[in-house]
Amino acid sequence: NILLNSSISAINLIKHEGDSLLIKKYERMLSIEQELDRGDSYIQEGNRKISKEQAKKIADRFNTEIMQRAAILGDFTKSLECSWQDIQKELKPQDLAVEFTCFLIGKDSIMYAAITLKSKGMPQFIPLCEQKSIEEITDIYSTSTLYNLLWKPILTYSGNLPNIYFTPDGILHNIGIEYTMADSIPLQEKYNLYRLSSTRLLAQNKNRNNTKKAILYGGLQYDADSVSLIKEHLKYATRSYSPNLDTIVIDSLTLRGGVSYLPATLTEIKNIHASMQQINIQSELYSELQGTEESFKSLSGKQIDILHIATHGFYVNQKRSSESPHTSINKGMSKESSSLKRSGLLMSGANIALKKGANLKDVEDGILTAQEISTLDLRGLELAVLSACQTGIGDIAGDGVFGLQRGFKKAGANTLLMSLWKVDDNATHLLMTEFYKNLLAGESKFESLRKAQKYVRDYEEEIEITPNKRWESQIRQKMNKSKEPAPQKIKKIKRYASPYYWAAFILLDAID
């Protein structure tokens, strides 16, 4: 977390300083790294071609100059210095900070534990369980098994404090541990659980600006024709483009309903837009052909408070990637670059690349990877809502999750709302509409999501049940109209009560 934030802070200082030469070197460094990631034998440097080794040396030199210049401008790691005493000062008597941790025991077993901190006293170390015990759970969200393994030992010690700020580790990054059951009651109904990338955030300034501008993506047209795409491209054509198609595993994409139009996403952003207009928040809609990859990248450097993206998302794990015919292309990439290229979002026109295995010349392919997002300048973005599939998961590493969340964090996003699995289009539309209704009414991001999840969980729909013959006969006798068909029986059901529909979405770093 420190390494990630040091890098972000250094780049932010450079951009804030406005040194045009150094900014050009930074952009060239990114360009070289992207070319190296594609696995080309040679890199284009001005009018000449240079070897990968030479290009790597140039990129490393630029990076060194940037970090040295940032050090001169100011101590970009100062804000990261934090002790447990600093965190404790910010804790109230009803608060508990929890850092989950995992470590190897023996040759092949991973142990999980928790380091807890209350408003008074020393930090405490609480052993929990082995990873295999977590992996053996078949129903995480409808039973108390996970609660008994992870939360019960912590809460027994802490005295059941209501506000819990926790940082996951290992496989817990990809599990909604805040949504497990606690003795037949959803844990989130008994406690306020805040997921953080680091409890260090508790000691930082929590002041947030009021929302002034929002960008909303939804109802994207994936089946766009080439002429229309080129026309949209020309609105943003300010640089050369490079496709990502050959660096991800197309056949392994796990998408929100397939690579098809998502009608509920258009309704979703229209509802959000209408709610924002009522309280005079400026919001722009990007739908149909407007939602291109070019339009998204054009947001770099602009002041945006909320970014909402309702589309298809994907994550391809390392094992599936290794089975790809493009595996050789990925050789030589850093672990982070490789991982970030296997997570992303699909934008307008993506089906040309996905279905035909090709892309238009000098036009983005519509496959927006986490790697590309990480190079953008989204500083000041208070909330990024990724209303798509599997936007919260990625490769687990010693320093966090390499996926979309890392891409957006490196770009400068503060809080992320994202999903852990393939989500239902209609249920997501309901959840997101209700989330913004609460948020715009003044609720915190955390409380807005919790209320929206409860709304979806309790949402009732009326369905018609075809009557059986006995019931039909009884109705006819009562109506004394034996020749007329019996009316349909109406029943209300909670269609989205299952955790599958509402527990997929998690909030990261929502400290209001």
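Quick note: structure is the one above.
These notes cover the structure that comes with them. What you see is a predicted model; the values in this text were computed from it and never measured.

## So, the packing of helix α17 (residues 425-440) against helix α18 (residues 445-458)
Contact geometry of α17 with α18 gives a least axis separation of 8 Å together with a crossing angle of 140°. Relative to α18, the element α17 is oriented oblique. The two elements α17 and α18 cross, and the hand of that crossing is right-handed. Within the contact between the two elements, α17 uses A427, L430, L431, E434, F435, N438 and L439 and α18 uses K445, S448, L449, K451, A452, Q453, Y455 and V456.

## Comments concerning the nonpolar core
Membership of the largest hydrophobic core comes to 100 residues, with the highest contact counts inside it found for F100, L150, W151, Y217, F296 and F408. The leading source of residues in this core is α17, at eight residues. Core analysis: the second largest hydrophobic core is formed by eleven residues, A97, L117, Y165 and L196 among them.

## So, the environment of E33
Relative to the elements of secondary structure, E33 occurs in helix α2 (residues 20-37). The spacing of E33 and I43 is ten residues in sequence and 9.9 Å in space, taken between C-alpha atoms.

## As for the sheet that holds strand β15 (residues 367-369)
Taken in spatial order, the three strands make up an open sheet running β13-β14-β15, and their pairing is antiparallel. Across the chains shown, the open sheet's two edge strands, defined by having one partner strand only, are β13 (313-315) and β15. Shown here is a sheet whose adjacent strand axes are inclined to one another by a mean of 30°, direction ignored. For strand β14 (residues 343-346) and β15, the ladder comprises three bridges, and the chain directions are antiparallel. When the bridges of β15 are listed, L345 appears paired with L368.

## A word on the side chain of N163
For N163, the position within the fold is in strand β6 (residues 163-167). For N163, a relative accessible area of 13% translates into the label buried. Polar side-chain contacts of N163 include one of 2.8 Å to the side chain of N192. Here N163 is in contact with Q94, D95, L96 and N192, once residues within four sequence places are set aside.

## Details of helix α9 (residues 263-278)
Here α9 is 16 residues long and its end C-alpha atoms lie 24 Å apart, about the 22 Å a rise of 1.5 Å per residue gives. Taken together, the buried positions of α9 are occupied by A264, T265, L266, E268, I269, I272, H273 and M276. The secondary structure elements touched by the buried residues of α9 are β10 (213-220), β11 (282-288), β12 (306-310), β16 (383-387) and α17. Immediately beyond the C-terminal end of α9, within one or two residues, lies N280, with a positive phi of roughly 60°.

## Brief notes about the environment of R200
Looking at the secondary structure, you find R200 in the loop between β9 (192-195) and β10. Distance from R200 to E81, taken between C-alpha atoms, is 8.7 Å for residues 119 residues apart in sequence.

## Some details on the packing of aromatic side chains
Within this structure, the stated rule accounts for 16 aromatic pairs. Taking 6.5 Å as the distance between ring centres and 35° as the angle between the ring planes, the aromatic pair formed by F103 and F125 counts as tilted. Of the two residues, F103 is situated in strand β3 (residues 95-105) and F125 in strand β5 (residues 124-130); the sequence distance between them amounts to 22 residues. We classify F125 as partly exposed; its relative accessible area is 48%. Taken together, a centroid distance of 5.0 Å and an interplanar angle of 70° make the contact between Y496 and Y501 edge-to-face. What makes Y496 buried here is its relative accessible area of 6%. Taken together, the ring pairs in this structure connect Y455, Y459, Y496, Y500 and Y501 into an aromatic cluster. The ring of Y157 has K118 sitting right over it, with the charged end atom 4.8 Å from the ring centre.

## A look at the pairing of β14
Side chains S343 and L345 project from β14 onto one buried face, and the interleaved G344 and L346 project onto a second face that is buried too. Relative to β14, β13 runs antiparallel, the two being bridged by three bridges. By the bridge assignment, F314 is partnered in β14 with G344.

## As for the pattern of salt bridges
According to the stated counting rule, one finds 13 salt bridges in the structure shown. Among the ionic pairs, K297 bridges to E372, the shortest N-O distance being 2.6 Å. With a gap of 75 residues between them, K297 in helix α10 (residues 293-297) and E372 in helix α15 (residues 370-374) connect regions that are remote in the sequence. Pair check on accessibility: K297 and E372 agree, each one buried. Through salt bridges with shared partners, a single network forms among E293, K297, E364 and E372.

## Some words on α17
The end-to-end C-alpha distance of α17 is 22 Å, a good match for the 22 Å that 16 residues give at a rise of 1.5 Å each. Here α17 lies mainly inside the structure; 13 of its 16 residues are buried. For α17, the N-terminal capping position is held by D424, with its side-chain oxygen 3.1 Å away from the main-chain nitrogen of N426. After α17 finishes, the residue G442 shows a positive phi value of roughly 105°.

## Thoughts on the packing of α9 against α17
Look at α9 against α17: their axes get within 9 Å of each other, and the N-to-C directions meet at 10°. For the element pair α9 / α17, the angle class is roughly parallel. For the pair α9 and α17, the contacting residues are P263, A264, T265, T267, E268, N271, I272, S275 and M276 in the first and D425, N426, T428, H429, M432, T433, Y436 and L440 in the second.

## Quick notes on a nonpolar patch on the surface
Residues F103, I105, I115 and F125 make up a contiguous nonpolar surface patch of about 330 Å² in total accessible area. Residue placement: I115 occurs in strand β4 (residues 109-117). Under the relative-accessibility criterion, I115 is labelled partly exposed at 37%.

Procedures and definitions
- Chains are numbered independently. Their residues run from 1 in the order of the written sequence.
- Thresholds applied to this predicted model are a pLDDT of at least 70 for local features of residues and 80 or more for the giving and counting of side-chain atom pairs; totals over whole chains, interfaces and linings are not thresholded and use all residues.
- Water and hydrogen atoms play no part in the side-chain values, which are based on all heavy atoms of the structure.
- As a rule, the C-alpha atoms of each element are fitted with a line to give its axis, helices using only the stretch in contact, and angles between N-to-C directions run from 0 to 180 degrees.
- Only runs of H or I of at least four residues qualify as helices and only runs of E of at least two qualify as strands under DSSP, and these elements are numbered from the N terminus.
- Relative orientations are named as follows: roughly parallel for angles under 35 degrees, roughly antiparallel for angles over 145 degrees, roughly perpendicular for angles from 65 to 115 degrees, and oblique for any other angle.
- By convention the crossing between two helices is left-handed if the near helix lies anticlockwise of the far one by an angle smaller than a right angle, and right-handed if it lies clockwise.
- Whether two residues touch is decided by their heavy atoms; if any such pair falls within 4.5 Å, the residues are in contact.
- We define a nonpolar core as any set of buried Ala, Val, Leu, Ile, Met, Phe, Trp, Tyr and Cys residues linked to one another through side-chain atoms lying within 4.5 Å.
- Relative accessibility decides the category of a residue: with a 1.4 Å probe and only protein chains considered, values under 20% of the type maximum give buried, values over 50% give exposed, and everything between is partly exposed.
- If DSSP finds at least two bridges between two strands, the strands pair.
- Side-chain atoms alone can form a polar contact between residues adjacent in sequence; in general such a contact is a pair of N or O atoms within 3.5 Å, and within protein one must be able to donate a hydrogen while the other accepts it.
- A helix's residues, less one, multiplied by 1.5 Å, set its expected span.
- Any Phe, Tyr or Trp ring, taking Trp's six-membered ring, that has another such ring centre within 6.5 Å forms a pair; planes under 30 degrees apart are called stacked, those over 60 apart edge-to-face, and the others tilted.
- The rule is short: NZ of Lys or CZ of Arg within 6 Å of the ring centre and within 35 degrees of the ring normal puts a charge over the ring.
- Basic side-chain nitrogens of Lys or Arg form a salt bridge, by our definition, when they fall within 4 Å of a carboxyl oxygen of Asp or Glu.
- Like-charged residues within 9 Å of one another, or nonpolar side chains (Val, Leu, Ile, Met, Phe, Trp, Tyr) within 5 Å, are grouped into patches, provided each residue has over 30% relative accessible area and no salt bridge.
- In these tables, accessible area is a Shrake-Rupley quantity obtained with a 1.4 Å probe, and a residue counts as shielded only by the protein chains included in the view.

Any functional reading would require information that these geometric values do not contain.
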